[in-house]
Amino acid sequence: MEERADIERIPRPDGGSFPVRTVVLALLSVQSAIGLAGDRELGGVVAELSGQRPLSTDVDYVGSLLDAAFLAFCGTTILNQAGIISGDSMSKATLHNMECGLTLDIGRERGTWMPAQWAASGARLSLPMRVRFSDEDVDLGFGGEDAINPGGSRNAKKLYCNGGSFVGAQGETVVRVSGGAWSSVPSGIPGANTLNFFLDFPEEASRNDVTLPKGRIFFTSTYWESREALPDSFVDGTIELPDGRRVGTVQGPGGVYVLDQGGCSIKRNDVRNLWGALGDVMLILGRFSMSKLAAPAVRADETPQERAARERAEDVARRQF
């Protein structure tokens, strides 16, 4: 498939490691195809129907079904990763270039598989940033990114973020972000979508025994396409979760509503899950919150010169995103 030159590519932060997962899927595809062609599976059935051999009772129908399922899954995933077929599950909804505040709350969470010494003290790392969910298409490259696009599609939307800073024992620490992308998946409830996105951190950052790892951090939340799509429990900007807790929402442009919190994690794939071929292993890093950006204060006695300077500063800030 020819790549479109006008679409920005978001490279992996590791520079594009060897596609072990794709190789494993390809090997499983070949093994399944060989099994299907065997005398005890689909190959034997075809031979019997064509009269090449007498009917027998040793055909493994269960094995045929399993091999066919493996071949279909592996083949479709590889073709999606290569961009040859369009298996894009991303919804057609948009966040209308929504800008908001995003604050990471990194620290030990119940159920995490992070190393035992990581954030063992109970300390937290809080990192406020500003993001914009653009409608610009980006290419995630061969292999796609299952964590935001189930099925391996390489298509996503660009997420703008310039990073942020926090204050620790050594003073202020500036944290850079080198790239980001977002996607959404229909939840099965009309108008409600799962919001998936990631940010790439080129360097790790630490506060006490809490470390924000270098690499790609993944985020998951929910958004609704309109006021009418919100659940009936929506009251005063909050909704009730199945566990009885009430949580807030952030209203964006175009009438969208985004859940104001979610979870963040990193990948840790190795030989135990065939380097992601059997699904990604995600380690919980912490939580995040989203907030509406405060409107700039405008003084009643603002002079024309001050107004012009303020508007120029606002234009510069917008161009950064």
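All figures in this text were calculated on a predicted structure; none of them were measured in a lab.

### Topic: unusual backbone geometry
Then, in step 1: A positive phi is found at Asn97, a non-glycine position, where the angle reads about 55 degrees.
Then, in step 2: You can see Asn97 is positioned in the loop between helix H3 (61-82) and strand E2 (98-106).
Then, in step 3: One non-glycine residue, Asn208, lies in the positive phi region at around 55 degrees.
Then, in step 4: Within the element layout of this structure, Asn208 appears in the loop between strand E8 (205-207) and strand E9 (210-212).
Then, in step 5: The exposure class assigned to Asn208 is exposed, which follows from its relative accessible area of 57%.

### Some details on the packing of aromatic side chains
Then, in step 1: Scanning all chains against the criterion turns up 7 aromatic pairs.
Then, in step 2: Between Phe197 and Phe219 the ring centres are 4.8 Å apart and the planes differ by 5 degrees, which places this aromatic pair in the stacked class. You can see Phe197 sitting in strand E7 (residues 192-201) and its partner Phe219 sitting in strand E10 (residues 215-224), a full 22 residues away along the chain.
Then, in step 3: By relative accessible area, which is 0% here, Phe197 ends up buried.
Then, in step 4: Consider the rings of Phe198 and Phe218, whose centres lie 6.1 Å apart with planes at 65 degrees: the pair is edge-to-face.

### Quick word on the nonpolar core
Then, in step 1: Phe133, Phe201 and Leu212 are the most contacted members of the largest nonpolar core, which has 40 residues in total.
Then, in step 2: Residue contacts for Leu212: discarding those within four places in its chain leaves Leu104, Ile106, Leu125, Leu127, Val175, Phe201, Glu204, Ala205, Ile217 and Leu285.
Then, in step 3: Formed by 9 residues, the second largest nonpolar core is a distinct cluster that contains Ala229, Ile239, Val247 and Tyr257.

### Focus: the pairing of strand E14 (residues 261-267)
Then, in step 1: Strand direction decides the pairing type here: E10 and E14, joined by 3 bridges, are antiparallel. Its bridge partner being in E14, Phe218 is matched across the sheet by Ser265.
Then, in step 2: Of the pairings in the sheet, the one linking E14 to strand E15 (residues 282-291) comprises 7 bridges and is antiparallel in character. Among the inter-strand pairings, Ser265 is bridged to a residue of E15, identified as Ile284.

### Focus: the side chain of Arg132
Then, in step 1: Of note, Arg132 is situated in strand E3 (residues 125-139).
Then, in step 2: Among buried Asp, Glu, Lys and Arg side chains, Arg132 stands out as unpaired, with Glu136 the closest opposite charge at 4.1 Å.

### Description of a nonpolar patch on the surface
Then, in step 1: There is a patch of nonpolar side chains on the surface, built from Val62, Leu66 and Phe70 and spanning about 300 Å² of accessible area.
Then, in step 2: Relative to the helices and strands, Val62 is located in helix H3.

Rules used in this analysis
All residue numbers refer to positions counted from 1 along the written sequence of the respective chain. Since the coordinates come from a predicted model, pLDDT governs what is reported: local features require at least 70, and pairs of side-chain atoms require 80 or more to be given and counted, while whole-chain, interface and lining totals use all residues. The side-chain values count all of the structure's non-hydrogen atoms but skip hydrogen atoms and water molecules. The way it works is that DSSP assigns letters per residue, a run of H or I at least four long becomes a helix, a run of E at least two long becomes a strand, and they are numbered from the N terminus. Exposure classes here rest on a 1.4 Å probe applied to the protein chains alone. A residue is buried below 20% of its type maximum, exposed above 50%, and partly exposed in between. Pairing of aromatic side chains requires ring centres within 6.5 Å, counting the rings of Phe and Tyr and the six-membered ring of Trp. Pairs whose planes differ by under 30 degrees are stacked, by over 60 edge-to-face, and all others tilted. In these notes, a set of buried Ala, Val, Leu, Ile, Met, Phe, Trp, Tyr and Cys residues joined through side-chain atoms within 4.5 Å is what counts as a nonpolar core. Whether two residues are in contact is decided by their heavy atoms, any of which lying within 4.5 Å being enough. Each pair of strands is called paired provided DSSP finds at least two bridges between the two strands. His residues and chain termini do not enter the charge count, which takes Lys and Arg as positive and Asp and Glu as negative. Salt bridges are defined as contacts in which a side-chain nitrogen from Lys or Arg sits within 4 Å of a carboxyl oxygen from Asp or Glu. Patch definition: residues above 30% relative accessible area lacking any salt bridge, with like charges linked at up to 9 Å and the nonpolar side chains Val, Leu, Ile, Met, Phe, Trp and Tyr linked at up to 5 Å. Note on areas: Shrake-Rupley with a 1.4 Å probe; residue coverage comes only from the protein chains shown.

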